[in-house]
Protein chains: 2
Amino acid sequence: MINLDNNADSPLYMQIYEQIKQEIINGVLPEGSRLPSTRHLSQTLAVGRNTVENAYLQLSSEGYVTSRVGSGFIVQNLNGLTYLTNEDKCNKPIKSSRPESKPSIVYPHNFQFGLLSAQNFPLNIWRKISSRALSSLTAEDLTTYCDKKGELELRYNLSEYLLKSRGVSCSANQIILCAGLEYALSLLCQLLRNKTTQIALEEPGYIGARNIFTNNGFQLLPVHIENDGLKISELENASAKVVYVTPSHQFPNGIVTSIQKRLLLLDWAKRNDGLIIEDDYDSELRYNSRPIPSIISIAGNENVVYIGTFSKALSPSLRVSYMVLPQKLLDLYHKEFGMYQTPVSLLEQRVIQELISSGYWENHLRKTCVAYKKKHDLLIHLISETMGRIVKIHGKNAGLHILLESSQGLTEREMIERAKEHGVLVHPVSTFWLNPENYSNNMVLLGFGNLSETDIVEGIKKLAQAWKA
Amino acid sequence: MINLDNNADSPLYMQIYEQIKQEIINGVLPEGSRLPSTRHLSQTLAVGRNTVENAYLQLSSEGYVTSRVGSGFIVQNLNGLTYLTNEDKCNKPIKSSRPESKPSIVYPHNFQFGLLSAQNFPLNIWRKISSRALSSLTAEDLTTYCDKKGELELRYNLSEYLLKSRGVSCSANQIILCAGLEYALSLLCQLLRNKTTQIALEEPGYIGARNIFTNNGFQLLPVHIENDGLKISELENASAKVVYVTPSHQFPNGIVTSIQKRLLLLDWAKRNDGLIIEDDYDSELRYNSRPIPSIISIAGNENVVYIGTFSKALSPSLRVSYMVLPQKLLDLYHKEFGMYQTPVSLLEQRVIQELISSGYWENHLRKTCVAYKKKHDLLIHLISETMGRIVKIHGKNAGLHILLESSQGLTEREMIERAKEHGVLVHPVSTFWLNPENYSNNMVLLGFGNLSETDIVEGIKKLAQAWKA
């Protein structure tokens, strides 16, 4: 028995479809039974024959009935009926999802790392360039897939920028646009799977990278950091084929890998058919010298994969990074990954391209370095002045964070807890150790990217009070 | 001997740095030798002491020299000098990279699949919404990382849309924003690695997906497609834990998985603690019935991962897709992947959110279906009329492609070659078979997404001539 409601939201054919479907599910219309002919049902219900046909078509598309020429629409066998009778239970909308994040205590002074200064963002220029990029995109652009590695023009501009600023001499062909480090490293793991599933990395090191390698099934081989970079003897003993490093400003220690270590690393790679993954995440931000030459710039690019990003010096919410592949990996990429579509939207690609080719990007880098240098110098000055005897500073002159080591025997935990009591949040270094038992356990991490000068002054004052107490 | 050129592009301190660096590399300044004091050199060169200091600082940052209190700057040992003397060779700019794509023969009529109609793209609305999103973004938005799974508001709107249009009842919490299928499936492979590294998939099936699974180290278990979907008996025998399917419009065959098969699939998953990856890539595009209910909508979401995209019905160059994870995988995601940043730019997220919440998205879907239906119906009509006796049509009424099977004994290759002779490009199906020996070898694929009605009329006319000849 089908009831139609002309005033319902649902069109008539859907009402017919729904009710017959329910009758099939409930067994009122058992397997093998025949639906009334469309002509007959349309007369019974006083609707157009078309309406009934549409309902039957939908039932038939979904497989509840089949139509055979001459024999009409026949109800099909439904195994697993239980799922369907549970439908009501399953299909409730789930709306209770808004509060996702847990409330946490807010400290007046938070030296959070990994954050940028909003004041440094070139909002007007970015808006202007984005608007222009927006107008430049046609319906044709937007309804076709982009160049799979990223637009050639953008990669060409990137190759010019990399040569000029980082000494990287590569062709546009070698550059693959990525959407952040997760994308780049996951892709690399896929590329390297047949070579190795072991990866040597810095101890302590960037936990995000470690995480990605583990999630891709790679075994981690931690190699300790010393004053001028990786302990090469440990690397030699680790029998790894691939090493992941942050040589320009090691995370978290802030160490700059010396030219000796760079050469030793390259030599290691050459002798072992090894690969160096050079994550140059914040190399643009240096305050007392020019950016340190990249490893890849020393040796051409036979044994080095170079990774750069726009997240640190411009904006992490654009989600644009890139990777330079050496020829061997590039060949493999073209062969096995040539179908992968770029993860970066065409609009963002045009914006970055325009930023670089117009010269705004280098201009922005200059300005941003000056602005961060001011904060950095203030921070270092204040720490030296108020806490010079109780802490040692590591990793200065670059990036957006420093490390403080207690000279008075405080543990990391004590440093953090005492700071909290004075309303200041500083951050553990132990997290970045794979085997924290080797860690001296007397350092904390301070980010300053998003702090104002007043924040820095106030925060360091409190911190000095906390640790001197 | 240092020569300075006041008219050079390079600043004075860089000239000093470069020349000392070269002397170290060339062995003119051997290991252990001391650089002149900054005061002395600044007098010799008649430059400010600051200039010399900057040069020394750079040399020291890069590790060519070290400074020790009281003993000045000492040249360090350089192992692997060979790299540095090769520098000139390595650092040539590589500019010969422009022509990447090979020239290929252009056919007047190309039934390319996977392309969209530029006419259907809502350019004005998209520009308006994008401009608005652009103005809404603040410098703070742009200098912080976005919500890791995608902005909550967008995921909330997506969950509402999914419930309404695809019967998927999930919370925003379960949705992960992705940048295309490569990102989504690679992430899934990472999530599933500890459960299995085998994946059952449709034979024939989408080559892109197969490719991603292989690249992630998964073993492929092909399961044949029959008239109403996957051969469940083969799936049972394959001893897989995970199956990847395109049930709404199977690629390439265009088959709609019947409700029986959907239930059998769910039953298989329940009995085997299995997982169904439901790729619902073009489910919005249906021409003779409403979209087919998703598998996930039948069974809640315990054993189903649902993947949707904006690439087919809106734009592939936005690079926005999404994944709905069942609770068990979601827990794992939060635990092991909680640090992954979203790959989608904040701007695109705002655009998609505004599209959905303003109602434009559903409006666009309605219009786009009408427009594609017109082309689709014309195509089917013309083929039936001119070639009804020599080909059989598969996979009509949905998506942007159909299959044609030769009824006159032509092989795939013959169909393609004869078409080419008449200036028409149709596409092989054999590519989509993992084991092509099981393929009847008498079908071709025709896409119509980006063709005009004139293109379709002309193309089909030529095709009929080609195959009738």
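These figures come from a predicted structure and were not determined experimentally.

A. Main features of the overall build of chain A. The helix and strand inventory of chain A stands at 18 helices and 16 strands. Taken over C-alpha atoms, the radius of gyration comes to 31 Å for chain A, far larger than the 23 Å a tight globule of 469 residues would show. For the C-alpha atoms alone, the extent of chain A along its principal axes is close to 95 × 55 × 50 Å. Across the 469 residues in chain A, those meeting the buried criterion constitute 58%. Entry remark: accessible area of chain A is about 18,700 Å², with carbon and sulfur atoms responsible for 49%.

B. Summary view of the relation of the copies chain B and chain A. Superposing chain B onto chain A takes a rotation of 180 degrees plus a shift of 0.0 Å along the axis, which leaves an RMSD of 0.1 Å. Both copies are brought into coincidence by an operation consistent with a two-fold rotation axis.

C. Representation of the interface of chain B and chain A in the model. Between chain B and chain A, the residue contacts involve 115 residues of the former and 115 residues of the latter. When chain B packs against chain A, the two sides together hide about 9,700 Å² of surface, and 56% of this comes from carbon and sulfur. Joining chain B to chain A, the criterion identifies 30 residue pairs in polar contact (both at pLDDT 80 or more). Here the residues of the side of chain B that touches chain A sort into 51 nonpolar, 41 polar and 23 charged.

D. Focus on unusual backbone geometry. Residue and element names in this part refer to chain A. In this model, Glu203 is joined to Pro204 through a cis peptide bond whose omega is 0 degrees. Turning to its location among the elements, Pro204 is positioned in the loop between β5 (198-203) and α10 (207-215). Unusually for a residue other than glycine, Asn397 sits at a positive phi of about 75 degrees. In this structure, Asn397 sits in the loop between β12 (391-394) and β13 (401-406). Take Asn397: its relative accessible area is 22%, and that puts it in the partly exposed class.

E. Quick peek at the packing of aromatic side chains. Applying the stated criterion to the full structure yields 30 aromatic pairs over all chains. Ring geometry for Phe213(B) against Phe218(B): centres 6.3 Å apart, planes inclined by 50 degrees, an arrangement best described as tilted. According to the relative accessible area criterion, Phe213(B) is buried, its value standing at 1%. Phe218(B) sits in the buried class, given a relative accessible area of 5%. Joined through ring pairs, the aromatic side chains of Phe113(A), Tyr206(A), Phe251(A), Tyr281(A) and Phe432(A) make up one cluster.

F. Structural context of the pattern of salt bridges. Applying the stated criterion to the full structure yields 33 salt bridges over all chains. Note that Arg132(A) and Glu354(A) form a salt bridge whose closest N and O atoms lie 2.6 Å from each other. A residue pair is termed long-range when its members are at least 10 positions apart, and Arg132(A) in helix α6 (residues 123-136) and Glu354(A) in helix α15 (residues 346-357) qualify at 222 residues. Glu354(A) gets classed as partly exposed once you look at its relative accessible area, which sits at 25%. Here Lys335(B) and Glu336(B) are joined by a salt bridge, their closest N and O atoms 3.6 Å apart. Judged by its relative accessible area of 29%, Glu336(B) falls in the partly exposed class. Among the charged side chains, a network of salt bridges with common partners joins Lys195(A), Asp273(A) and Lys328(A).

G. The sheet that holds strand β13 (residues 401-406) of chain B, seen in detail. Residues and elements named next belong to chain B. If you walk across this open sheet you meet the four strands as β12-β13-β16-β15, and the pairing is antiparallel. Both outer strands of the open sheet, β12 (391-394) and β15 (427-428), are each paired with one neighbouring strand and no more. Contacts from helix α16 (residues 360-387) reach β12 and β13 within the one sheet, and its direction differs from that of β12 by about 160 degrees. Packing of helix α17 (residues 412-421) onto the sheet brings it into contact with β12, β13, β15 and β16 (443-447), and relative to β16 it is tilted by some 45 degrees.

H. Fine view of the nonpolar core. Among the nonpolar cores identified, the biggest contains 294 residues, and Leu188(A), Phe213(A), Trp467(A), Leu188(B), Phe213(B) and Trp467(B) are the most heavily contacted of them. Once residues within four sequence positions are removed from consideration, Leu188(B) is found in contact with Ile277(B), Val305(B), Ile307(B), Met323(B), Leu325(B) and Leu329(B).

I. Inspection of the pairing of β16(B) at higher detail. Residues and elements named next belong to chain B. A large share of β16 lies buried, amounting to five of its five residues. Neither face of β16 is exposed, since Met443, Leu445 and Gly447 on one face and Val444 and Leu446 on the opposite face are all buried. Direction of pairing for β15 relative to β16: antiparallel, over a ladder of two bridges. Counted as the bridge partner of His427 is Leu445 from β16.

J. Region of interest: the sheet that holds strand β6 (residues 219-226) of chain A. Spatially, β4-β11-β10-β9-β8-β5-β6-β7 (chain A) is the arrangement adopted by the eight strands of the open sheet, whose pairing is mixed. Strand pairing shows two members of the sheet lacking a second neighbour, β4 (175-178) and β7 (229-230) of chain A, which therefore form its edges.

K. Quick peek at the pairing of strand β11 (residues 321-324) of chain B. Residue and element names in this part refer to chain B. Because side chains alternate across β11, one face comprises the buried residues Ser321 and Met323, and the other comprises Tyr322 and Val324, equally buried. Two elements, strand β4 (residues 175-178) and β11, share four bridges in a ladder whose sense is antiparallel. Paired with Cys178 across the two strands is Ser321, which belongs to β11. Strand direction decides the pairing type here: strand β10 (residues 304-309) and β11, joined by four bridges, are antiparallel. If you follow Ile307 over to β11, its bridge partner there is Met323.

L. Up close: the side chain of Lys261(B). When you line up the elements, Lys261(B) lands in helix α12 (residues 259-272). Beyond its immediate chain neighbours, meaning those up to four positions away, Lys261(B) contacts Glu226(B), Asp228(B), Gly229(B), Leu230(B) and Ile232(B).

M. Highlighting the packing of helix α17 (residues 412-421) of chain A against helix α18 (residues 453-468) of chain A. Residues and elements named next belong to chain A. Put simply, α17 and α18 touch, their axes get as near as 8 Å, and they point 120 degrees apart. Taken as axis vectors, α17 and α18 run oblique relative to one another. The two elements α17 and α18 meet at a crossing, and its hand is right-handed. Residue-level contacts link Met415, Arg418 and Ala419 of α17 to Leu463, Ala466 and Trp467 of α18.

N. Inspection of helix α1 (residues 12-26) of chain B at higher detail. The end-to-end C-alpha distance of α1(B), which contains 15 residues, comes to 21 Å, matching closely the 21 Å that a straight helix rising 1.5 Å per residue would cover. Those residues of α1(B) that sit buried are Met14(B), Gln15(B), Ile16(B), Tyr17(B), Ile20(B), Lys21(B), Glu23(B), Ile24(B) and Ile25(B).

O. Layout of the environment of Leu57(A). Mapped onto the elements of the fold, Leu57(A) is located in helix α3 (residues 49-61). With 108 residues separating them along the chain, Leu57(A) and Ser165(A) place their C-alpha atoms 63 Å apart.

P. Structural detail: the packing of helix α9 (residues 181-192) of chain A against helix α14 (residues 327-336) of chain A. Residue and element names in this part refer to chain A. Interaxial distance between α9 and α14 falls to 10 Å at its minimum, and their mutual angle equals 90 degrees. As the angle between them shows, α9 and α14 are arranged roughly perpendicular. Only Leu329, Leu332 and Tyr333 of α14 make contact with α9, whose side of the interface consists of Leu187, Leu188, Leu191 and Leu192. Here the contact of α9 with α14 is composed, by residue class, of seven nonpolar, no polar and no charged.

Q. Quick peek at the state of the cysteines. Per the stated rule, a full pass over the model turns up zero disulfides over all chains. Free of any disulfide, Cys189(A) has its nearest neighbouring cysteine sulfur in Cys178(A), separated by 12 Å.

R. Geometry of the environment of Asp273(A). Residue and element names in this part refer to chain A. Relative to the assigned elements, Asp273 resides in the loop between α12 (259-272) and β9 (275-279). The partly exposed category is assigned to Asp273, whose relative accessible area is 35%. In the structure, Asp273 is positioned 219 residues away from Asn54 in sequence and 65 Å away in space, judged by C-alpha atoms. Discounting chain neighbours no more than four positions away, the residues touching Asp273 are Lys195, Lys241 and Lys328. In terms of polar contacts, Asp273 uses its side chain to reach the side chain of Lys328, at 3.2 Å.

S. Quick peek at helix α2 (residues 38-45) of chain B. Residues and elements named next belong to chain B. Of all the positions in α2, only Thr38, Leu41, Ser42 and Leu45 are classed as buried. Considered in projection along α2, the buried side chains sweep an arc of 100 degrees and stay on one side of the axis. Exposed side of α2, more than 90 degrees from the buried face: Arg39, Gln43 and Thr44 are the residues found there. In this structure, the buried side of α2 is in contact with α1 and α3 (49-61).

Rules used throughout
- Residues numbered from 1 in each chain as written.
- Chains lettered and ligands numbered in written order.
- Predicted model: local features only at pLDDT ≥ 70, side-chain atom pairs only at ≥ 80, totals over all residues.
- Heavy atoms only, no water.
- Helix = DSSP H or I, 4+ residues; strand = E, 2+ residues; numbered from the N terminus.
- Rg over C-alpha atoms; globule rule 2.2 N^0.38 Å.
- Buried < 20%, exposed > 50% of the residue type's maximum accessible area, 1.4 Å probe, protein only.
- Areas by Shrake-Rupley, 256 points an atom, 1.4 Å probe, with all protein chains shown as cover.
- Least-squares fit on C-alpha atoms with pLDDT ≥ 70 in both.
- Contact = heavy atoms within 4.5 Å.
- Buried area = accessible area lost by both parts, 1.4 Å probe.
- Polar contact = N/O pair within 3.5 Å; in protein donor to acceptor, adjacent residues only side chain to side chain.
- Nonpolar A, V, L, I, M, F, W, Y, C, P; charged D, E, K, R; others polar.
- Phe/Tyr/Trp six-rings, centres within 6.5 Å; stacked < 30°, edge-to-face > 60°.
- Salt bridge = Lys/Arg side-chain N within 4 Å of Asp/Glu carboxyl O.
- Pairing = 2+ DSSP bridges.
- Axes fitted to C-alpha atoms, helices over the stretch in contact; angles between N-to-C directions.
- Core = buried A, V, L, I, M, F, W, Y, C linked by side-chain atoms within 4.5 Å.
- Parallel < 35°, antiparallel > 145°, perpendicular 65-115°, else oblique.
- Left-handed = near helix turned anticlockwise from the far one by under 90°.
- Expected span 1.5 Å × (residues − 1).
- Disulfide = S-S within 2.5 Å.
- Arc of directions from axis to C-beta.

In short, the description is geometric, and any link to function would need to be established separately.
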